[in-house]
Amino acid sequence: MSLGQRVGGDRQLARLLQIGVVLEEVVEARASQHFRSLSPEGRAELGEDIEELLEHAAEESAEHRERLEALIDELDAESVAYEEIEALVAAKYDQPEDFDGILYDQLYGEETAYKFYDDLVEAIEDSDVEFGVDHDRLLGTLREIRAEEEEGVQEVTEIMEERA
Amino acid sequence: MNTADQYLKAIYLIERTGDGPAATGELAEMLAVSPASVNEMVGKLEERGLVEHEKYKGASLTDDGIARAEDALQTYCIIERFLYNVLDVEDFREEAGALEAVIDDTVAERLDTIIDRRSECPDCFDAEADACALLEAEEPAD
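Residues numbered from 1 in each chain as written. Chains lettered and ligands numbered in written order. Predicted model: local features only at pLDDT ≥ 70, side-chain atom pairs only at ≥ 80, totals over all residues.

K.L.:
If you had to explain the packing of helix α1 (residues 10–37) of chain A against helix α3 (residues 48–74) of chain A to someone new, which residues and values would you point to?
P.N.:
Residue and element names in this part refer to chain A. Following both chains from N to C, one finds α1 and α3 inclined at 160°, their axes separated by 8 Å at the closest point. One finds that α1 runs roughly antiparallel with respect to α3. Handedness of the crossing formed by α1 with α3: left-handed. (Axes fitted to C-alpha atoms, helices over the stretch in contact; angles between N-to-C directions. Helix = DSSP H or I, 4+ residues; strand = E, 2+ residues; numbered from the N terminus. Parallel < 35°, antiparallel > 145°, perpendicular 65-115°, else oblique. Left-handed = near helix turned anticlockwise from the far one by under 90°.)

K.L.:
Give a description of the pairing of strand β2 (residues 58–61) of chain B that names residues and reports values.
P.N.:
All names here are of chain B. Strand direction decides the pairing type here: strand β1 (residues 51–54) and β2, joined by four bridges, are antiparallel. Along β2, the bridge assignment pairs H53 with A59. The turn linking β1 back onto β2 is made up of three residues, and Y56 within it adopts a positive phi angle of 65°. (Pairing = 2+ DSSP bridges.)

K.L.:
Now, about the domain arrangement of chain B: what can you tell me, with residues and values included?
P.N.:
Residues and elements named next belong to chain B. Here chain B is described as being made up of domain 1 (3–66) and domain 2 (68–138). Counting residues at the interface gives 14 residues for domain 1 and 11 residues for domain 2. Taken together, the elements giving at least two residues each to the side of domain 1 that touches domain 2 come down to α1 (3–17) and α4 (63–85). Per element, the largest residue contribution to the side of domain 1 that touches domain 2 is nine residues, and it comes from α1. Of the residues contributing to the side of domain 1 that touches domain 2, the split by class is seven nonpolar, three polar and four charged. (Domains from an automatic or database assignment. Contact = placed C-beta atoms within 7 Å. Nonpolar A, V, L, I, M, F, W, Y, C, P; charged D, E, K, R; others polar.)

K.L.:
Lay out the interface of chain B and chain A in plain terms, naming residues and giving numbers.
P.N.:
The interface of chain B with chain A comprises 17 residues on the first partner and 19 residues on the second. Breaking the side of chain B that touches chain A down by element, the ones donating at least two residues are α5 (92–99) and α6 (105–111) of chain B. Element by element, the count of residues in the side of chain B that touches chain A is highest for α6 of chain B, at four residues. Residues that form the side of chain B that touches chain A fall into these classes: 10 nonpolar, four polar and three charged.

Structure below.
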């Protein structure tokens, strides 16, 4: 999303929130897929920190998804079922070669989500359109989610640095 | 995709369908902006080494410009395909046009992990129709 771009109305806002839901679902599905793809030995080697990170990423994405879905519902639009995205992720999933590959994938997912919310918040702030959802609640929700994504980026980065 | 990328994509498509550079009038029509806006942006793109502009003929892309235009076109194709295949949006072309300005390349790359895009993308883009030719072929018959 480029600077100066604004959100034009309810339909575009709903579409962008749907994209947010899908990004969360991709993070959630890939985190689960990474974990499932590991052998029992691989899981044992994984280390508690990475296992907790994957679990936390999946839980947090599910929680973000629910908050976005509440906003989408108020805009009289429909969300995207997690099962649908989970199947699409599984269909194109290539298991990373090693644990660093898993961490890099998580980092990429968190960074993309952060950038998406950061741009979306800015575009809504710049917009003078009256949306079908309360402006303050909309921005408040998106800012909170953005802050949690930023924390997620830091958490993955710290684990990567510790492993280096 | 930012405004500059939208211009590069438009020049790329006009050059591909025609025999020469993209004229100011053609770009203004395709992007629904004034000729003055086109001249201003083409000048900026020229300064950045992405476009060469010849007076009375029009704008053509440099090698760097072509590479960036192809990236922009891929992003557009990802958005179209995502809207159609994942969100079941009927007016996916119209909405892709509106969303391409507000979807970042990194977000498009992530969406690309769940859609089935051909390896020849964006070469298969139908420049005259300004749409993905293969996606058209996949549409159900009425």
